[in-house]
Amino acid sequence: MKQAGPSRAPARPSASRTGSTRSGTTRTGGTRAPSSRTERNRGTAGSASTRSTGSSRGGTRRVPARPEASASRGNVRWLLVSATACAVPAFLLLLVFLIPEVQTAHPLLAMAAAFVPYGVIPWVAAVGFALLGARGRTRLVAAPLALGLALHTAALGPYFPTPAIVEDDARVEVMALNLDGGRADLVPLAEAMAGAAPDLVVLTEVTRSNAAAFARKPWAQMFPYRSGTAGSDADPATGADDVRGTMVLSRHPLTDLGRTSGTQAGNVALRVVLEGHPFTLVAAHPAGPGCGTACWLQESDVLTRFALAHSSGPLLVAGDLNATREQLTLRVLTAKAGLHDTASGWQPTYPANSWLPPLVGVDHVLASRQFSTAGYRTVRVAGTDHLGVLASLAVG
């Protein structure tokens, strides 16, 4: 057995061995670690997924962007597309309002004009989407959208409530209601008449059965004076109705001044004497744009000329005018005949026979400058697809 000799300490590596490098790395325990800041930076760049790495053979190699950045760009794109989608119908509605002659190009444009007040909604949405989606200078895209919103809001001025007149002038209460081809329930209507006590009631789409009822109690007691036309009763087999009838019921004597011809429904002019304040009432029911552009414009022209023929003194035009304040036909009528809408605030009247609230105001009481609004409200009657309107007017 050999005797162990003195132990030998392991040789200490020389400085030249540990300090020697090969290709810029230091050999330590069989591994190679980065030995310079350049190598460490190069390794960091190679591990980032959103940066390009240098290559001695292929130039710059692009690496896919991070999912977060792609999602952010997708959201921005979606918001800007949404802003554009909202701005297009809003601009169309503003266009048919600012240039009403555009409505004559197609019946759909005329019908769209009835919904001009709702154009504020897509303008607000467009501005909101643009501000959320734009970045930096691209936020300037919201400027024209905001201008469109401002112009459209200004167009809603007539729908803001106005203070009622409280002077002790003579008053006349005028109601207008479409009976929907005679379908309106006359029992609750008579109760509404007894409560509201209007001086004049303008009824459109009146049938012969309606006219016969108005000649009996309680109608004959409330309104002893009547004038106008009546259409045929609805056909029970087909459901087709006759919309030609237009009639006025009055507490005061009436004088017939004439009627239009060549129109789908009757338009009647009557002389009314109220406490020493005589005036002319035109009960009207022109056709809407659904009958075609030529028919729509022709009926409007007949009614406008009819009203002008009786505009030398105080004048009221009331009924289902099949037009809103924004549509060309009503704007022409009010401008040429010197009339204003007596409605105060937002008072839509049609359609009134569904779970939705009425959307557009096509039933009106228009008045010349001798009248001012003392009160205005809508009246719901079972059986008809219109709300009635009740205007309390001061006669100056």
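Since this is a predicted model, take the numbers as computed values, not measurements. (Residues numbered from 1 in each chain as written. Predicted model: local features only at pLDDT ≥ 70, side-chain atom pairs only at ≥ 80, totals over all residues. Heavy atoms only, no water.)

Participant: Which residues make up the overall build of the protein, and what values do they have?
Facilitator: Counting secondary structure elements, the protein contains eleven helices and 17 strands. Evaluated residue by residue, the protein yields a buried proportion of 42% over its 396 residues. In the protein, 66% of the contacts between residues at least 6 apart in sequence involve partners at least 24 apart. In the structure as shown, the protein presents an accessible area of about 21100 Å², 58% of it carried by carbon and sulfur atoms. (Helix = DSSP H or I, 4+ residues; strand = E, 2+ residues; numbered from the N terminus. Buried < 20%, exposed > 50% of the residue type's maximum accessible area, 1.4 Å probe, protein only. Contact = heavy atoms within 4.5 Å. Areas by Shrake-Rupley, 256 points an atom, 1.4 Å probe, with all protein chains shown as cover.)

Participant: Mind laying out the sheet that holds strand β9 (residues 246-250), listing which residues take part and the relevant values?
Facilitator: With respect to topology, six strands assemble into an open sheet ordered β8-β9-β7-β6-β17-β16, the strand pairing being mixed. Where the open sheet ends on each side, the last strands, each with one partner, are β8 (225-228) and β16 (371-379). Sheet twist, expressed as the mean angle between neighbouring strand axes with direction ignored, is 15°. Of the pairings in the sheet, the one linking β16 to strand β17 (residues 388-395) comprises eight bridges and is antiparallel in character. The residue bridging Ser 372 from the neighbouring strand is Ala 394, located in β17. Packed on one face of the sheet, helix α7 (residues 186-196) meets β6 (170-178), β7 (200-204), β16 and β17 and runs near 165° to β6. (Pairing = 2+ DSSP bridges. Axes fitted to C-alpha atoms, helices over the stretch in contact; angles between N-to-C directions.)

Participant: Report on the pairing of β17, specifying residues and quantitative values.
Facilitator: Of all eight residues in β17, eight are buried, a share of seventy percent or more. Burial along β17 is two-sided: the residues Gly 388, Leu 390, Ser 392 and Ala 394 and Val 389, Ala 391, Leu 393 and Val 395 are all buried. As defined by bridge partners, β6 adjoins β17 across seven bridges and the pair is classed as antiparallel. Among the inter-strand pairings, Val 174 is bridged to a residue of β17, identified as Ala 391.

Participant: Outline the packing of aromatic side chains, listing residues and values.
Facilitator: Across all of its chains, the model carries seven aromatic pairs by this definition. Where Tyr 118 meets Trp 346, the ring centres are 5.8 Å apart and the plane angle is 80°; that geometry is what we call edge-to-face. On the criterion of sequence distance, the pair formed by Tyr 118 in the loop between α4 (107-113) and α5 (120-133) and Trp 346 in the loop between β14 (340-341) and β15 (363-367) is long-range, its members being 228 residues apart. In this structure Trp 346 comes out as partly exposed when scored by relative accessible area, which is 40%. (Phe/Tyr/Trp six-rings, centres within 6.5 Å; stacked < 30°, edge-to-face > 60°.)

Participant: Break down the pattern of salt bridges for me, with residues and values.
Facilitator: Opposite charge on two side chains permits them to pair, given that their charged atoms come into close proximity. A complete count under the given rule lists six salt bridges for this structure. Of the charged contacts, one joins Asp 241 and Arg 183 as a salt bridge, the two residues approaching to 2.7 Å between their closest N and O atoms. With Asp 241 in the loop between β8 and β9 and Arg 183 in the loop between β6 and α7, this residue pair connects regions lying 58 residues apart in the sequence. Of the residues examined, Arg 183 reaches a relative accessible area of 38% and is grouped as partly exposed. Between Asp 341 and Arg 325 there is a salt bridge, with the nearest N and O atoms lying 3.3 Å from each other. Of this pair, Asp 341 sits in strand β14 while Arg 325 is found in the loop between β13 (315-320) and α11 (328-337), placing the two residues 16 residues apart along the sequence. Both residues of the pair, Asp 341 and Arg 325, count as buried. Salt bridges linked by common partners bring Asp 180, Arg 183 and Asp 241 together as one network. (Salt bridge = Lys/Arg side-chain N within 4 Å of Asp/Glu carboxyl O.)

Participant: Which residues make up α5, and what values do they have?
Facilitator: Taking 1.5 Å as the rise per residue, α5 with 14 residues should run 20 Å; its terminal C-alpha atoms sit 20 Å apart, in good agreement. All of the buried residues along α5 are Val 120, Pro 122, Trp 123, Ala 126, Val 127, Ala 130 and Gly 133. (Expected span 1.5 Å × (residues − 1).)

Participant: Tell me about a nonpolar patch on the surface, and name the residues and values.
Facilitator: Together, Leu 98, Ile 99, Leu 147 and Leu 151 line one region of the surface with nonpolar side chains, adding up to about 370 Å² of accessible area. As for its position among the elements, Leu 147 is in helix α6 (residues 142-155). What makes Leu 147 exposed here is its relative accessible area of 53%. (Patch = residues over 30% accessible without salt bridge, like charges linked within 9 Å, V, L, I, M, F, W, Y side chains within 5 Å.)

Participant: Explain the sheet that holds β15 to me, and be specific about the residues and the numbers.
Facilitator: Judged by pairing direction, the sheet is mixed, and its six strands sit side by side in the order β10-β11-β12-β13-β15-β14 without closing on themselves. Across the chains shown, the open sheet's two edge strands, defined by having one partner strand only, are β10 (254-259) and β14. The sheet contact formed by β14 and β15 spans two bridges and is antiparallel. Each residue of the ladder has a partner; that of His 340, found in β15, is Ala 367. Its contacts with the sheet place helix α10 (residues 293-308) against β10, β11 (268-274), β12 (277-284) and β13, and it is angled at close to 170° to β12.

Participant: Quick rundown of the confidence of the model for the protein? Include the residues and the values.
Facilitator: Within the protein, residue pLDDT values average 84, and 80% of them lie at 70 or more. Below pLDDT 50 for its whole length, residues 1-11 participates in zero contacts with residues either more than four positions away or in separate chains. Per-residue pLDDT stays below 50 along residues 13-31; that stretch engages in 16 contacts with residues further than four places along the chain or on separate chains. (pLDDT = per-residue confidence, 0-100.)

Participant: Tell me about the state of the cysteines, and please be specific about residues and values.
Facilitator: Here a disulfide denotes a covalent bond joining the sulfur atom of one cysteine to the sulfur atom of another. If you walk through the whole model with that rule in mind, you get one disulfide. Note that Cys 291 is cross-linked by a disulfide to Cys 295, the S-S spacing being 2.3 Å. Since a negative S-S torsion denotes a left-handed disulfide, the Cys 291-Cys 295 link at about -105° is left-handed. Overall, Cys 291 belongs to the partly exposed group, its relative accessible area being 32%. (Disulfide = S-S within 2.5 Å.)

Participant: A description of the nonpolar core should follow, citing residues and the corresponding values.
Facilitator: A general feature of soluble globular proteins is that nonpolar side chains tend to end up buried together. Membership of the largest hydrophobic core comes to 25 residues, with the highest contact counts inside it found for Val 172, Leu 200, Phe 279, Leu 281, Leu 316 and Phe 371. Broken down by secondary-structure element, the contributors of at least two residues to this core are β6, β7, β11, β12, β13, β15, β16 and β17. Those residues in contact with Phe 371, other than ones at most four positions away along the chain, are Val 172, Phe 279, Pro 314, Leu 315, Leu 316, His 340, Leu 393, Ala 394 and Val 395. Formed by 22 residues, the second largest nonpolar core is a distinct cluster that contains Leu 177, Leu 186, Leu 203 and Leu 249. (Core = buried A, V, L, I, M, F, W, Y, C linked by side-chain atoms within 4.5 Å.)

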